[in-house]
Amino acid sequence: MTVLTPRERLIVALDVPQAGEAERLVQRVGDAALFYKIGLELALADGGLRLVRRLADAGLKVFLDLKLHDIPNTVERAAAQAVKLGAALLTVHGYPQTMGAAVAGAKGSGLKLLAVTVLTSYDDEDLLEAGYRFGVAAMVQRRAEQARALGVDGVVASAAEAAEIRRTLGSEMILVTPGIRPAGAEAGDQKRVATPESAISSGADYIVVGRPITGAPDPRAAAISIVAEIAGAAP
Ligand code: C5P
């Protein structure tokens, strides 16, 4: 994998309800960040998906976090549309059919696919309740291995899972880690948080940071300080 600079490893989550508000945030962050995540809320806002193309045209990278899951034909065609929009990263749920279809849809393009193994809002009991035979840890590993076997480029993983996934899957898979809080920051609704430094040291290639940047009085300064924390971590 190409060596990323600390600034390239930060993904700012644009979790806001309006495209105009998202664009203003991007302007306020300025050159302190190069990569932005657009999730379901913003994608479904008026102009949300057009923003993917606008940011890509401005030389920024976009992580389209739509967590696709449908029949293979639909997922394959949706992934091909994400390629046309200019997204750099796209998430799909970690079901083998879904992952295989997304790989087919993105084939030959620059779009990288990430599998969501198990949502972090699920615990062992939730998985049992939903009818699964495995607990979270086993399911995360199983799906990460299936993702790699199917040609998915990487997985979304908490910092707690990152080290184990890195150990078992090697250096090729892209690991993207949300649930990041700078030292001393509010956790909010995140249950398991890690600092930028510990996430990177655990093997994350990219960290996703939302509110600590988007809710800061000075989003640019907050991003610069997080990039400095990334730079201070062991690669
Ligand atoms: O504001 P905060 O830094 O908590 O935002 C984290 C972002 O990462 C949100 O967009 C959230 O949906 C996303 N995410 C997460 N945990 C996951 C997957 C995605 O927090 N397991």
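Residues numbered from 1 in each chain as written. Predicted model: local features only at pLDDT ≥ 70, side-chain atom pairs only at ≥ 80, totals over all residues. Heavy atoms only, no water.

Draft legend 1. Seen up close, the overall build of the chain. Helix and strand counts for the chain come out as eleven helices and eight strands. Whereas a compact globule of 235 residues would reach a radius of gyration of roughly 18 Å, the chain reaches 17 Å, a difference of no more than 12%. Taken along its principal axes, the extent of the C-alpha atoms in the chain is 45 × 35 × 35 Å. For the chain, buried positions account for 47% of its 235 residues. Entry remark: accessible area of the chain is about 11,300 Å², with carbon and sulfur atoms responsible for 52%. (Helix = DSSP H or I, 4+ residues; strand = E, 2+ residues; numbered from the N terminus. Rg over C-alpha atoms; globule rule 2.2 N^0.38 Å. Buried < 20%, exposed > 50% of the residue type's maximum accessible area, 1.4 Å probe, protein only. Areas by Shrake-Rupley, 256 points an atom, 1.4 Å probe, with all protein chains shown as cover.)

Draft legend 2. Structural context of the side chain of Arg181. By the element assignment, Arg181 lies in the loop between strand E7 (174-177) and helix H9 (196-201). Here Arg181 falls in the buried class, since its relative accessible area comes to 7%. Once you skip the residues sitting within four places of it in the chain, Arg181 turns out to touch Glu186, Ala187, Gln190, Val193, Ala194, Thr195, Pro196, Arg211 and Pro212. (Contact = heavy atoms within 4.5 Å.)

Draft legend 3. Main features of the site of the ligand. As a structural note, the neighbourhood of the ligand is formed by Ala13, Asp15, Lys37, Thr120, Pro178, Arg181, Gln190, Val208, Val209, Gly210, Arg211 and Pro212. Lys37 places a side-chain nitrogen or oxygen 2.8 Å from an oxygen atom of the ligand. In this structure, Gly210 approaches the ligand through a main-chain N or O atom, which is 2.8 Å from an oxygen atom. For the ligand, whose accessible area on its own is 470 Å², the fraction buried by protein is 82%. Of all elements in the fold, only strand E8 (206-209) and helix H10 (211-214) reach the threshold of two or more residues within the shell around the ligand. (Near = heavy atom within 4 Å. Polar contact = N/O pair within 3.5 Å; in protein donor to acceptor, adjacent residues only side chain to side chain.)

Draft legend 4. Up close: the sheet that holds strand E2 (residues 35-39). Read around the barrel, eight strands follow the order E1-E2-E3-E4-E5-E6-E7-E8 and close on themselves; strand pairing throughout is parallel. Here the average twist between neighbouring strands, direction ignored, is 25°. Across three bridges, strand E1 (residues 10-13) lies against E8 in parallel orientation. By the bridge assignment for E8, Leu10 is matched with Ile207. Contacts from helix H4 (residues 72-85) reach strand E3 (61-68) and strand E4 (89-93) within the one sheet, and its direction differs from that of E3 by about 165°. (Pairing = 2+ DSSP bridges. Axes fitted to C-alpha atoms, helices over the stretch in contact; angles between N-to-C directions.)

Draft legend 5. Representation of the nonpolar core. In terms of nonpolar packing, the biggest core is built from 66 residues, with Leu10, Ile38 and Ile207 touching the most fellow members. Setting aside its immediate chain neighbours within four residues, Leu10 contacts Ala32, Ala33, Phe35, Ile207, Val209, Ile213, Ala223, Ile226, Val227 and Ile230. If you look at the next biggest cluster of nonpolar residues, it comprises 14 residues, including Phe35, Leu89, Leu114 and Val156. (Core = buried A, V, L, I, M, F, W, Y, C linked by side-chain atoms within 4.5 Å.)

Draft legend 6. Seen up close, unusual backbone geometry. Even without glycine at this site, Lys67 takes up a positive phi of about 45°. Relative to the helices and strands, Lys67 resides in strand E3.

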